[in-house]
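# Observations on the three-dimensional arrangement
Listed here are the chains, written in short residue letters.
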Amino acid sequence: MSVLKIEGLSKYFGGLKAVNNFHLTLEAGEIVGLIGPNGAGKTTVFNLITGLYPPTAGTIQFLGEDITGLAPYKVMRKGIARTFQNIRLFKNNTVLDNVRVVFNHRIRYNLFDAMLRTPRFSREEDAVTAEALEILGVLNLTERALDTAGSLPYGAQRRLEIARALAGKPRLLLLDEPAAGMNPAEVARMVELVRFVKERFDLTVLVIEHQMGLVMNLCERIVVMDFGQIIAEGPPAEIRHNPQVLEAYLGKGVTVA
Amino acid sequence: MRLSRQSVVILVLAAVLYVVIRSVEAAELINPYWRMVLDQSLIITIGALGLSLIYGFTGQFSLGHAAFYGLGAYTAGVIDKLWGHGIFPFFILSIIAGALFAGFLAFVIGLPILRLRSDYLGIATLGFGIIVKVAMDNSNKLWPVLGGATGMSGTPQVASFDVIFVIAFLMILLVRNFVFSSYGRACTAIREDEIAADVMGIDTTRAKVLAFVLGCALAGLAGGLYAHRYPFLHPSSFDFLKSFDFLLIVVLGGLGSMTGTIVTAVCWVFLLEGLRFVLGQNFIDFRGVIYALILVITIILRPQGIFGGREWKMFVPVINVAGARKEDADRHVST
């Protein structure tokens, strides 16, 4: 069974076809890249999968279950986590609380347990804190656990976004430009990190990225979008020389040197 | 129930504070007028904590807080006036009824309006405040007991300092326990970034409605105490300007700081009454100018509020993280 199966997915904003007849199938354990020029509709695809936009047409199946049109928090509870292109951390909360809040839907204590600090409250809080710290440890953020998220340096904020996504125990991880604004050395580390968390947490990964170094290194398969449509699909080596892809990125009349 | 070291410290300090205030009273160092101001400051603290939950912690801008304060006051007041006659259990039941009624109405109007974005929410709650004020002004046409625009009197004045102090103390503890739980984390996540909170699995509508209902119920509870401490209820005590008072306290204290709300609420009430003496009868209306000036100056010099999201250490549960830097541990929120 495929982890994710998208068929005929479209999203129109008035006359603008942001995503048009998009399809994608992800098998368990794959790392797939989604690339394309600015405005091609990549992030819109993420927003459709995570339920932030209702699709105009099409279906999204996750582990064989139809999740089309489900509210974002419900999609997340099914097992899809994401990061954001423009980092969206809870900046004034501590790093630890950024991760702990993701455990909320698994917490069983009720309002009275919280208000009266019952043993059940303490037990669950301790468990959640321990689990959150474990994830922070994996991403090398333990030292900053009690600092506010907004005070972290840029690279650490990117890592915290991934930590927060992992806290939901997802099966599918959507990364929206995880290496944006990073230098080549940092990009290389990000490639390692994504590979590592994929193995460690047994994930399927779909990644949007402009840094070709990252995409070509990391992904087994690449989907190229332009003007809301898929224009090419295949392994990195093939995509690199696909004339349609070169045209989309660089314009007509360019040949491969 | 496991009592942390911090809870013990809070309990001991509250007891000390209580003894100090009572001895000062016993020594007749403060007259009944200032005792009334002291009680009022605790009542306003309870109400302001409610708005702190709604706006400071959850980020939902409300301009109608005094309406819920008034609903609680009238509900508790009229119940005790008609049936309670100042019997203590009835008094407690009536203020609980006031809180429940305010919370219930908050739930009914919160469900539709909390879907709005923050600035529109301000307008919607402002509208609700006006509806409640007009309803109070004309309440005597439906039920003469409520008095309408001439106000209502006759509620037994049974709210002693002891009762108000104990309730204020309990509410501070409950709010603190709420804030430092999964519920509080959901609220602050929504304040920081509602879309991200949604994508991280938080049912944002539910969390917002819960914070709004609890916050308004606290306002209702404060109103119920007010009705039992001040013999005359009048619609103008619960109008837009009163909502603005609560808002000022929360903003001046610093959004996302309980400590800021509590300290500012107490200081604010004493300041307003103090100015009455400093300015004298002829200049009493200049109070409005002075407190607006305080607001303007604070916002220019310290836009994050007096406490800027920091909490008194005793409020923040200690989490031991091996290998974490310690210096920022008391900083629950910064700006």
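Residues numbered from 1 in each chain as written. Chains lettered and ligands numbered in written order. Predicted model: local features only at pLDDT ≥ 70, side-chain atom pairs only at ≥ 80, totals over all residues.

## Remarks on the overall build of chain A
From N to C terminus, chain A includes 10 helices and 10 strands. With respect to the three principal axes, the spread of C-alpha positions in chain A is 70 × 40 × 35 Å. Looking at chain A residue by residue over its 257 residues, the buried ones come to 48%. Nonlocal contacts in chain A, meaning residues at least 24 apart in sequence, comprise 65% of its contacts between residues at least 6 apart. (Helix = DSSP H or I, 4+ residues; strand = E, 2+ residues; numbered from the N terminus. Buried ≥ 20, exposed ≤ 12 C-beta atoms within 10 Å, placed from the backbone. Contact = placed C-beta atoms within 7 Å.)

## Side note on the sheet that holds strand 1 (residues 4-13) of chain A
All names here are of chain A. With antiparallel pairing, 4 strands are arranged side by side in an open sheet as 2-1-4-5. Strands at the two margins of the open sheet, each flanked by one partner only, are strand 2 (16-26) and strand 5 (65-66). Sheet topology places strand 1 next to strand 4 (residues 57-62); 5 bridges connect them, and they run antiparallel. Residue pairing in the sheet places Leu4 in a bridge with Phe62 of strand 4. Packing of helix 1 (residues 42-49) onto the sheet brings it into contact with strand 1, strand 2 and strand 4, and relative to strand 2 it is tilted by some 65°. (Pairing = 2+ DSSP bridges. Axes fitted to C-alpha atoms, helices over the stretch in contact; angles between N-to-C directions.)

## What to know about helix 4 (residues 88-113) of chain B
Residues and elements named next belong to chain B. The end-to-end C-alpha separation of helix 4 is 37 Å, in line with the 38 Å expected for 26 residues at 1.5 Å each. Taken together, the buried positions of helix 4 are Phe91, Ser94, Ile95, Gly98, Ala99, Phe101, Ala102, Gly103, Leu105, Ala106, Gly110 and Ile113. Its buried side turned inward, helix 4 meets helix 3 (65-84), helix 5 (118-137) and helix 10 (204-227). (Expected span 1.5 Å × (residues − 1).)

## Examining the interface of chain B and chain A
Contacts between chain B and chain A engage 35 residues on the former and 40 residues on the latter. Listed by contribution, the elements that provide at least two residues to the side of chain B that touches chain A are helix 7 (161-179), helix 8 (182-192) and helix 9 (194-199) of chain B. Counting residues per element, the side of chain B that touches chain A draws most heavily on helix 8 of chain B, at 7 residues. Taken together, the residues of the side of chain B that touches chain A sort by class into 16 nonpolar, 10 polar and 9 charged. (Nonpolar A, V, L, I, M, F, W, Y, C, P; charged D, E, K, R; others polar.)

## A look at the domain arrangement of chain A
Interfaces are frequently sized by the accessible area removed from exposure as the parts join. All names here are of chain A. Taken as a whole, chain A is organised into domain 1 (1-79 + 170-257) and domain 2 (88-169). Computed from C-alpha atoms alone, the centre-to-centre distance between domain 1 and domain 2 is 27 Å. Contacts between the two partners involve 11 residues from domain 1, matched on the other side by 10 residues from domain 2. For the side of domain 1 that touches domain 2, the secondary-structure elements that each account for two or more residues are helix 2 (72-78) and helix 7 (184-200). For the side of domain 1 that touches domain 2, the leading source of residues is helix 7, giving 3 residues. (Domains from an automatic or database assignment.)

## Side note on the environment of Val316 of chain B
You can see Val316 of chain B is positioned in the segment after helix 13 (287-301). Sequence spacing of Val316 of chain B and Gly224 of chain B is 92 residues, and the spatial spacing of their C-alpha atoms is 29 Å.

## Regarding the nonpolar core
Among the nonpolar cores identified, the biggest contains 169 residues, and Leu136 and Ala163 of chain A together with Ala102 and Ala222 of chain B are the most heavily contacted of them. Counting residues per element, this core draws most heavily on helix 10 of chain B, which supplies 15 residues. Split by domain, this core shows at least three residues from each of two domains, domain 1 (1-79 + 170-257) and domain 2 (88-169) of chain A. If we skip the residues at most four places from it in the chain, Ala102 of chain B touches Phe68, Leu71, Gly72, Cys216, Ala217, Ala219 and Gly220 of chain B. (Core = buried A, V, L, I, M, F, W, Y, C linked by C-beta atoms within 7 Å.)

## Here's the deal with the sheet that holds strand 6 (residues 80-82) of chain A
All names here are of chain A. Spatially, 6-7-8-3-9-10 is the arrangement adopted by the 6 strands of the open sheet, whose pairing is mixed. Whereas interior strands pair on both sides, the edge strands pair on one side only; in this sheet they are strand 6 and strand 10 (229-234). Recorded for the sheet is a direction-independent mean angle of 20° between the axes of neighbouring strands. Summarising the sheet, strand 3 (residues 31-35) and strand 8 (residues 204-208) pair through 4 bridges and their orientation is parallel.

## A look at the pairing of strand 4 of chain A
Residues and elements named next belong to chain A. Bridge analysis of strand 4 against strand 5 gives 2 bridges, and the strand direction is antiparallel. Bridge assignment links Phe62 to a residue of strand 5, and that residue is Glu65. Between strand 4 and strand 5, which pair antiparallel one after the other, the connecting turn spans 2 residues, and Leu63 there sits at a positive phi close to 50°.

## A few points about the confidence of the model for chain B
Residue and element names in this part refer to chain B. Overall, the predicted model of chain B reaches an average pLDDT of 90, with 96% of residues at or above 70. In this model, residues 328-335 is a region of pLDDT below 50 whose contacts with residues beyond four sequence positions or in other chains number 25 contacts. We note a pTM of 0.93 for the whole complex and an ipTM of 0.93 for its interfaces. (pLDDT = per-residue confidence, 0-100.)

## Details of helix 7 of chain B
If you check helix 7 of chain B, its first and last C-alpha atoms are 27 Å apart, about what 19 residues at 1.5 Å a residue would give, namely 27 Å. Turning to helix 7 of chain B, its buried residues are Ile164, Ile167, Ala168, Ile172, Val175, Arg176, Asn177, Phe178 and Val179 of chain B. In this structure, the buried residues of helix 7 of chain B make contact with helix 4 (111-116) of chain A together with helix 2 (32-57), helix 8, helix 10 and helix 12 (258-279) of chain B.

## A closer look at the environment of Ala165 of chain A
Residues and elements named next belong to chain A. Tracing the sequence through the fold places Ala165 in helix 6 (residues 154-166). Along the backbone, Ala165 and Val102 are 63 residues apart, and their C-alpha atoms lie at a distance of 8.0 Å. In this structure, Ala165 is in contact with Ala81, Arg82, Thr83, Pro170 and Leu173, ignoring residues within four places of it in sequence.

## Description of the pairing of strand 10 of chain A
Residues and elements named next belong to chain A. Strand direction decides the pairing type here: strand 9 (residues 221-226) and strand 10, joined by 5 bridges, are antiparallel. Note that in strand 10 the partner of Val223 across the bridge is Glu233. Connecting strand 9 to the next strand, strand 10, in antiparallel fashion are 2 residues, including Phe227 with a positive phi near 50°.

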